[in-house]
Amino acid sequence: SLALTADSSVWSFGFGYFGQLGHGDEQDQLLPKKIVAFAGQRVIDVSAGLYHSLALTADSSVWSFGFGYFGQLGHGDEQDQLLPKKIVAFAGQRVIDVSAGLYHSLALTA
């Protein structure tokens, strides 16, 4: 699970085996834990898929983390990401919304 607070902090909790909680490990979190990798970023939207997560920042950057086997993280490979990683393919695009699905991800541009 992901939670976005009014101060743009992102918190995650639950099953963490593939790194989808964004803490740099694969540990489950029984209580909400702040994702420190987003320090200094203004996160405006988050989406939790089955085993991966997405975050959108105010500068239209999209970040992904978790299970990457089917390429749903958008980094051109099938590697898992234990920490949020910016998707460089969106450079120069104005992304306004993101959605993480079962084994896919969507981004809406303006």
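The following refers to the structure shown. (Residues numbered from 1 in each chain as written. Predicted model: local features only at pLDDT ≥ 70, side-chain atom pairs only at ≥ 80, totals over all residues. Heavy atoms only, no water.)

## Observations regarding the nonpolar core
Within the largest apolar cluster, 9 residues are counted, these being Leu2, Val10, Ile35, Phe38, Val43, Val46, Ala55, Trp63 and Phe65. When contributions to this core are tallied by element, the ones reaching two or more residues are β4 (43–48) and β6 (62–66). One finds Leu56, Val62, Val95 and Ala100 within the second-largest nonpolar core, a separate group that totals 7 residues. (Core = buried A, V, L, I, M, F, W, Y, C linked by side-chain atoms within 4.5 Å. Buried < 20%, exposed > 50% of the residue type's maximum accessible area, 1.4 Å probe, protein only. Helix = DSSP H or I, 4+ residues; strand = E, 2+ residues; numbered from the N terminus.)

## What about unusual backbone geometry?
Positive phi values are uncommon outside glycine, yet Ser8 reaches one of about 70°. Inspection of the secondary structure assignment puts Ser8 in the loop between β1 (2–4) and β2 (10–14). Even without glycine at this site, Ser60 takes up a positive phi of about 70°. Locating Ser60 in the fold gives a position in the loop between β5 (52–57) and β6.

## Digging into the sheet that holds β6
The antiparallel open sheet is built from 4 strands, whose spatial order is β4-β5-β6-β7. Every interior strand has two partners, whereas the edge strands, β4 and β7 (81–86), have only one. This sheet shows a mean twist of 15° between the axes of neighbouring strands, independent of strand direction. Direction of pairing for β6 relative to β7: antiparallel, over a ladder of 3 bridges. Counted as the bridge partner of Gly66 is Gln81 from β7. (Pairing = 2+ DSSP bridges. Axes fitted to C-alpha atoms, helices over the stretch in contact; angles between N-to-C directions.)

## Looking at the environment of Gln20
If you trace the backbone, Gln20 turns up in the loop between β2 and β3 (29–34). Overall, Gln20 belongs to the buried group, its relative accessible area being 6%. For the pair Gln20 and Gln81, spaced 61 residues apart in sequence, the C-alpha separation works out to 7.7 Å. When neighbours within four sequence positions are excluded, Gln20 is seen to be in contact with Phe15, Leu50, Tyr51, His52, Ser53, Phe65 and Gly66. Among the polar contacts made by the side chain of Gln20, one reaches the main-chain carbonyl oxygen of Phe15 at a distance of 2.9 Å. (Contact = heavy atoms within 4.5 Å. Polar contact = N/O pair within 3.5 Å; in protein donor to acceptor, adjacent residues only side chain to side chain.)

## Details of the side chain of Gln72
You can see Gln72 is positioned in the loop between β6 and β7. A polar side-chain atom of Gln72 sits 2.9 Å from the main-chain carbonyl oxygen of Phe67. Side-chain polar atoms of Gln72 contact the backbone nitrogen of Phe70, separated by 3.0 Å. Apart from the residues lying within four places of it in its own chain, the contact partners of Gln72 are His52, Phe67, Tyr103, His104 and Ser105.

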